[in-house]
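Read off the chains here:
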Amino acid sequence: MTMNDKVQPTGRAASAPSPRRRFLKDAAGVAGGAGLLALGAGMYAKQASALPAAAIRPPGALPEDDFLAACVRCGLCVRDCPYKTLKLAELGDSVATGTPYFAARAIPCEMCEDIPCVVACPTGALDRSLTDIGQAKMGLAVLIDQENCLNFLGLRCDVCYRVCPVIDKAITLERIHNPRSDRHAMLLPTVHSEYCTGCGKCEKACVLPGESAIKVLPIKLAQGSKAEHYLRGWEEKEAAGRSLIGDQVELPVRGLEDKAYGDTRVKPGEGPQAPEYKPAQLGSGGLDSGWKP
Amino acid sequence: MSAHPSASAAPERRVPPTSVRGAAQRGVVARPGREAVEAKGWLRAHKWLLLRRASQLGILALFLVGPWLGWWIVKGNLSSSLTLGVLPLTDPFLVAQQIVAGHWPYREALLGAGIVLAFYLLFGGRLFCAWVCPVNLVTDAATWLRRRLGLKGGKAPAGATRYWLLGFVLVSAAATGALAWEWVNPVSMFHRGLIFGFGLAWGIVGGIFFYDLLIAPRGWCGHLCPQGAFYALLGRAAVVKVSADKRSACNDCMDCFAVCPEPQVIRPALKGVGQDHPLILDADCTTCGRCVDVCGKDVFRITTRFNRSES
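Residues numbered from 1 in each chain as written. Chains lettered and ligands numbered in written order. Predicted model: local features only at pLDDT ≥ 70, side-chain atom pairs only at ≥ 80, totals over all residues.

Draft legend 1. Highlighting the nonpolar core. Core analysis: the largest hydrophobic core is formed by 134 residues, its most contacted members being Cys77 and Cys117 of chain A together with Leu179, Cys256, Ile266 and Cys291 of chain B. Tallying contributions element by element places helix H8 (residues 161–176) of chain B first for this core, with 7 residues. Built from parts of two domains, this core gets at least three residues from each of domain 1 (49–138) and domain 2 (139–223) of chain A. With sequence-adjacent residues up to four places away left out, Cys256 of chain B is seen in contact with Ile266, Cys291, Val294, Cys295 and Phe300 of chain B. (Core = buried A, V, L, I, M, F, W, Y, C linked by C-beta atoms within 7 Å. Buried ≥ 20, exposed ≤ 12 C-beta atoms within 10 Å, placed from the backbone. Helix = DSSP H or I, 4+ residues; strand = E, 2+ residues; numbered from the N terminus. Domains from an automatic or database assignment. Contact = placed C-beta atoms within 7 Å.)

Printed below as a string of structure tokens:
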């Protein structure tokens, strides 16, 4: 600016700046102010766009980045949700203001077959290519607290499994040995990502008094990335119909020559014996593996 | 019309009465519209104001009877709505931001935005500001209080700031790939808050009220709001306009300048500065009709842009 003062080409009085210069100066000030305001809004938006873990988007929601470009925060999905599951985030909710979400522990998604929230969305923030609610991927249930889950304690609660709309697919009960009692089974609720829609009915139904032991999380939080370089031999073998690395040389194991290759299970007294070995004698207290979790 | 009765100009005025600054100075000392009430009666001197409040509150009520009483006439909010299950209406400003951010919306939103766009293109862009937008209630209240408390001065940013801000809103939508302005937009936030619940959005609405009251007269609607700027651009060729068709009767009482939310638009029409006809064609005019109300001489009326007659 000061440099320009010296090279004023016209004969105009130096004290009166030319209209063009005044315009440029005003415009620079105004544009700077407006730019700062918009930049502030943009940066705030960027910072506030991280979705908290407990907030689940409606079914069919685009990936979060696309969703924030597509959702106009009109609330039509909220209005057409028959169970009042969805709500619009209010300023201060730590979900992008005005966007729809639900908290599964409060009211889960009831997985309407006609998916009215998706039908209501005028912009495509909820993608209408989702026509089968069973294909929804709102999130992924994770049995997050294995210390307080009653089934992990050896009880038969099973409530999350029972309420699951995709029972026996999205949640199965996996039977394993209970090492604490050493004579019972534990039936562990196990979520399978292929079928879980993230509706959150399991989280809602969990009988624990406060927080649920099973929670629906955004898939990004709930799931690790698949190790693409690691080929699962058993899957490859099944797909190819044979082992990819060919037949292996089978070396005999002394004492187990008449068993199938790889079968090392032995009865007491069978197979190679350590000379000093004696099986443990049972005391009067019954079986006790001595294992403590 | 060039008759500029210098006799009526009070001698103590130092700034010309028809300048915006003169209007602001007079506006804080006078109670605009007193003459009009005496000449026309209270009701006629508030006709357009009452109609406007009825429009603003009526539209709000249409949105509210659903959640409050279960009569679902209109669902949604001003960002996008569905009336009686058939008529989609979407804010074209939002659709523009969406497209810039890289999302092509569904047909409903495009159709809804097209209807809204066509309406404001035809009838007048800033009709939205004066007749629909709920923030107008807030800023009008701030202006009224400012006048009654006799608060003078204050510093408003340049009127062109809103157009720059409009540009930056679109730029930030493109840069972030999201509707960045919607995180802070007080217009949509206020309307959504009334219908769906506020949270801390009261803070933003209160901020606008106190900004207009204490810092910048008509600061938000008249200088900053990019949504108003967007609708002003739409209204450039619109039909409904205010005309100062009886400007020869003007007695320079300045009441219209005092109440006008965009006082700079009046002078060309009323005083024939830079134009011959008495129409207010400036797109910043919100067609609120307050000038019609407060004029004791019935100088103004709301007419079409084709009516350039003068009486």
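Past the structure itself, the notes keep going.
Draft legend 2. Representation of the pairing of strand S1 (residues 74–77) of chain B in the model. All names here are of chain B. As paired elements, S1 and strand S2 (residues 80–83) share 4 bridges and run antiparallel to each other. From the neighbouring strand, Gly76 faces S2, where its bridge partner is Ser81. The hairpin formed by S1 and S2 contains 2 residues between the paired strands. (Pairing = 2+ DSSP bridges.)

Draft legend 3. Fine view of the interface of chain A and chain B. Tallying the contact residues gives 37 residues for chain A and 48 residues for chain B. Mapped by element, the contributors of at least two residues to the side of chain A that touches chain B are helix H2 (19–48), helix H3 (64–70) and helix H4 (76–80) of chain A. Counting residues per element, the side of chain A that touches chain B draws most heavily on H2 of chain A, at 14 residues. Residues belonging to the side of chain A that touches chain B are distributed by class as follows: 19 nonpolar, 10 polar and 8 charged. (Nonpolar A, V, L, I, M, F, W, Y, C, P; charged D, E, K, R; others polar.)

Draft legend 4. Spotlight on the sheet that holds strand S3 (residues 87–90) of chain B. Residues and elements named next belong to chain B. Taken in spatial order, the 3 strands of this open sheet run S1-S2-S3, and their pairing is antiparallel. Strand pairing shows two members of the sheet lacking a second neighbour, S1 and S3, which therefore form its edges. Each adjacent strand pair in this sheet contributes to an overall mean axis angle of 10°, direction not counted. Each of S2 and S3 is contacted by helix H5 (residues 107–123), which is oriented at about 75° to S3, the strand it contacts most. (Axes fitted to C-alpha atoms, helices over the stretch in contact; angles between N-to-C directions.)

Draft legend 5. Just the environment of Val159 of chain A, in detail. Residue and element names in this part refer to chain A. Within the secondary structure, Val159 sits in helix H6 (residues 159–163). Considered as a pair, Val159 and Cys206 are 47 residues apart in the sequence and their alpha carbons are 6.4 Å apart. When sequence neighbours within four positions are dropped, the list of residues in contact with Val159 reads Ala205, Cys206 and Val207.

Draft legend 6. Local environment of helix H7 (residues 135–149) of chain B. All names here are of chain B. With 15 residues, H7 extends 21 Å between its outermost C-alpha atoms, agreeing within 8% with the 21 Å of an ideal straight helix rising 1.5 Å per residue. Residues of H7 that are buried include every one of Val135, Asn136, Val138, Thr139, Asp140, Ala142 and Thr143, and no others. For H7, the secondary structure elements touched by its buried residues are helix H3 (47–69), helix H6 (127–132), helix H9 (186–196), helix H10 (201–215) and helix H11 (219–224). The first or second residue beyond H7 is Gly150, which carries a positive phi of 70°. (Expected span 1.5 Å × (residues − 1).)

Draft legend 7. Region of the structure containing the packing of helix H4 (residues 92–101) of chain B against H8 of chain B. All names here are of chain B. Direction vectors running N to C along H4 and H8 enclose 40°, while the axes themselves pass 7 Å from each other. Considering the angle they form, H4 stands oblique to H8. When you trace H4 past H8, the crossing you get is right-handed. Two secondary-structure elements touch here, H4 through Ala96, Gln97, Val100 and Ala101 and H8 through Val169, Leu170, Ala173 and Ala174. Class assignment of the residues belonging to the contact of H4 with H8 gives a composition of 7 nonpolar, 1 polar and no charged. (Parallel < 35°, antiparallel > 145°, perpendicular 65-115°, else oblique. Left-handed = near helix turned anticlockwise from the far one by under 90°.)

Draft legend 8. A look at the domain arrangement of chain A. Residue and element names in this part refer to chain A. Annotation of chain A at the domain level lists domain 1 (49–138) and domain 2 (139–223). Just the C-alpha atoms count here: the centres of domain 1 and domain 2 sit 24 Å apart. Contacts between domain 1 and domain 2 engage 13 residues on the former and 16 residues on the latter. Here the side of domain 1 that touches domain 2 is composed, by residue class, of 10 nonpolar, 1 polar and 2 charged.

Draft legend 9. Spotlight on the sheet that holds strand S4 (residues 240–243) of chain B. All names here are of chain B. Strand order in the open sheet made by the 3 strands is S5-S4-S6, with antiparallel pairing throughout. Strands with a single pairing partner mark the edges of an open sheet, and in this sheet they are strand S5 (279–280) and strand S6 (301–304). Where S4 lies against S5, 2 bridges are found, and the strand directions are antiparallel. Paired with Ser243 across the two strands is Leu279, which belongs to S5.

Draft legend 10. Local environment of unusual backbone geometry. Residues and elements named next belong to chain A. Unlike most non-glycine residues, Ile115 shows phi in positive territory, near 45°. Here Ile115 is to be found in the loop between strand S2 (100–101) and helix H5 (116–120). The residue Asp182 is not glycine, and still its phi comes out positive at about 65°. Overall, Asp182 belongs to the partly exposed group, with 13 C-beta atoms counted inside 10 Å.

Draft legend 11. Molecular detail of the packing of H9 of chain B against H10 of chain B. Residues and elements named next belong to chain B. At their nearest, the axes of H9 and H10 sit 9 Å apart, and the two run at 125° to each other. Of the possible angle classes, the one that applies to H9 and H10 is oblique. Along this stretch, H9 crosses H10, giving a crossing that reads as left-handed. Along its contact with H9, which presents Pro186, Met189, Phe190 and Gly193, the element H10 presents Ala201, Ile204, Val205 and Ile208.

Draft legend 12. Broad picture of the environment of His192 of chain A. Turning to its location among the elements, His192 of chain A is positioned in the loop between strand S5 (184–191) and helix H7 (201–205). In sequence terms His192 of chain A and Ala104 of chain A are 88 residues apart; their C-alpha atoms lie 18 Å from each other.

Draft legend 13. Focus on the environment of Val239 of chain B. Residue and element names in this part refer to chain B. Among the secondary structure elements, Val239 is positioned in the loop between helix H12 (226–234) and S4. Separated by 150 residues in the primary sequence, Val239 and Leu89 have C-alpha atoms spaced 21 Å apart. Once you skip the residues sitting within four places of it in the chain, Val239 turns out to touch Leu122, Phe123, Thr304 and Arg305.

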